[in-house]
Amino acid sequence: MSDARLSVLKTYKLYVGGKFPRSESGRVYEVTDVKGDWLANAPLSSRKDARDAVVAARKAFGGWSGATAYNRGQVLYRVAEMLEGRRAQFVHEVAGAEGLSKSKAAAVVDATIDRWVWYAGWTDKIAQVVGGANPVAGPYFNLSSPEPTGVVAVLAPQESSFLGLVSVLAPVVATGNTAVVVASERSPLPALSLAEVLATSDVPGGVVNILSGRTAEIAAPLAAHQDVNAIDLAGADEALAKELEIAAADNLKRVLRPQPVDDWSATPGLERLTAFLETKTVWHPTGALGAAGSSY
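In what follows, the accompanying structure is described. (Residues numbered from 1 in each chain as written. Predicted model: local features only at pLDDT ≥ 70, side-chain atom pairs only at ≥ 80, totals over all residues. Heavy atoms only, no water.)

**Regarding the overall build of the protein**
This is how it is decided: Segments assigned H or I by DSSP are reported as helices when at least four residues long, segments assigned E as strands when at least two residues long, and all are numbered from the N terminus. We compute the radius of gyration over the C-alpha atoms and compare it with the globule rule, which gives 2.2 Å times the number of residues raised to the power 0.38. For this count, His and the chain ends are skipped, Lys and Arg are scored as positive, and Asp and Glu as negative. By convention, the point assigned to a charge is CZ for Arg, NZ for Lys, CD for Glu and CG for Asp.
Secondary structure summary: the protein contains 10 helices and 10 strands in total. On C-alpha atoms alone, the protein measures out to a radius of gyration of 21 Å, which is about the 19 Å that the 2.2 N^0.38 rule sets for 296 residues. Overall, the C-alpha framework of the protein stretches about 95 × 40 × 35 Å when taken along its three principal axes. Positive and negative charge centroids in the protein, built from 28 and 31 side chains respectively, lie 4 Å apart.

Right, dumping it as structure tokens:
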């Protein structure tokens with residue numbers, strides 16, 4: 001018997017509502033490495049795929065935002081565990097996607113897993129940092145607490161296909177939002193493989209939806225969609241960002257404009273955690289005043 005065999009090539013698919021559909025259009029496009037060598041075919045998402053992803057994200061929002069912050073942290077930490085188990089696969093894909101040596105790709109993947117753990121740890125702590133009791137004149141408690149914005153469209157960074165992707169996605173879902181992600185147009189494979197990790201972890205279907213294809217083509221209907229509450233333009237160039245910001249104004253979307261990032265491995269701070277949070281403030285009477293003027 002001959003030892004020769006044909007390789008089983010992977011068919012990459014979208015991730016929408018916890019399932020792996022092909023693009024509604026049936027289209028694909030070639031993904032190549034930095035040398036121009038073919039890596040795989042990726043789905044070329046359509047406007048219909050984008051709308052389907054928004055429907056799935058909205059459906060999942062109630063359950064995800066209503067979960068306890070501690071539970072969300074547990075779920076996200078489980079994703080990090082799964083990423084650790086598939087580390088070798090992601091090292092291979094990041095090396096091909098970004099033209100890195102195996103050792104440099106391994107450092108990127110390790111930083112990505114650590115970044116996911118970092119955000120998982122913030123789920124039940126961010127409320128203490130950005131919320132609190134406000135001093136007011138009168139017998140009232142005045143309490144402010146953060147709440148998720150809703151469905152967030154995320155344009156992943158173009159050059160950092162894995163670390164950059166997780167750096168913009170993890171804070172969105174850590175704070176209780178659901179996400180529709182447009183993967184790096186040139187290097188979508190790490191994002192599409194991340195979908196397989198999410199599907200086999202504890203993240204409910206629809207919390208994260210991942211689309212691949214032409215960034216401008218997919219982003220346009222997301223920016224104009226009336227049921228998308230916010231958009232992160234990290235993966236848009238200046239011209240596209242301006243166009244999308246104008247479209248987003250129609251339903252008063254919260255917009256995070258592209259920020260230059262020299263080093264995605266640097267400590268991210270809290271900016272992206274707070275970017276898609278709303279503050280709810282509640283007044284409540286402290287109770288009747290006693291004879292001595294003290295409240296109880």
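**Concerning the sheet that holds strand S7 (residues 208-211)**
The condition is simple: Between any two strands, pairing holds if DSSP finds at least two bridges. Note on geometry: axes are C-alpha line fits, over the in-contact stretch for helices, and angles between N-to-C directions span 0 to 180 degrees. Between two residues, a contact is recorded if the distance between any of their heavy atoms is within 4.5 Å.
Taken in spatial order, the five strands of this open sheet run S7-S6-S5-S8-S9, and their pairing is parallel. Bordering the open sheet on either side are S7 and strand S9 (254-256), each of which pairs with just one other strand. The average undirected angle you get between the axes of adjacent strands in this sheet is 15°. Where strand S5 (residues 151-155) lies against strand S8 (residues 230-232), three bridges are found, and the strand directions are parallel. Directly across from Val152, in S8, lies its bridge partner Ala230. Against the sheet, helix H6 (residues 163-174) touches S5, strand S6 (178-182), S7 and S8, its axis set at about 160° to S6.

**Regarding unusual backbone geometry**
Positive phi, close to 60°, is recorded for Leu252, a residue that is not glycine. Mapping Leu252 onto the fold places it in the loop between helix H9 (238-248) and S9.

**Here we look at the pattern of salt bridges**
Selection criterion: A carboxyl oxygen of Asp or Glu within 4 Å of a side-chain nitrogen of Lys or Arg is what we treat as a salt bridge. Under the scheme applied here, a residue whose accessible area is under 20% of the maximum for its type counts as buried, over 50% as exposed, and between as partly exposed, the area being computed with a 1.4 Å probe on protein chains only.
All told, the structure shown has 15 salt bridges when counted by the stated rule. The partner of Glu196 in a salt bridge is Arg86, with the nearest N and O atoms 2.7 Å apart. Linking Glu196 in helix H7 (residues 189-199) with Arg86 in the loop between helix H2 (69-85) and helix H3 (87-98), this pair joins segments that are 110 residues apart in sequence. On the accessibility criterion, Arg86 (24% relative accessible area) is partly exposed. Linking Lys125 and Asp124 is a salt bridge whose minimum nitrogen-to-oxygen distance equals 3.1 Å. Note on Lys125: relative accessible area 43%, which makes it partly exposed. One salt-bridge network, in which partners are shared between bridges, spans Lys10, Arg86 and Glu196.

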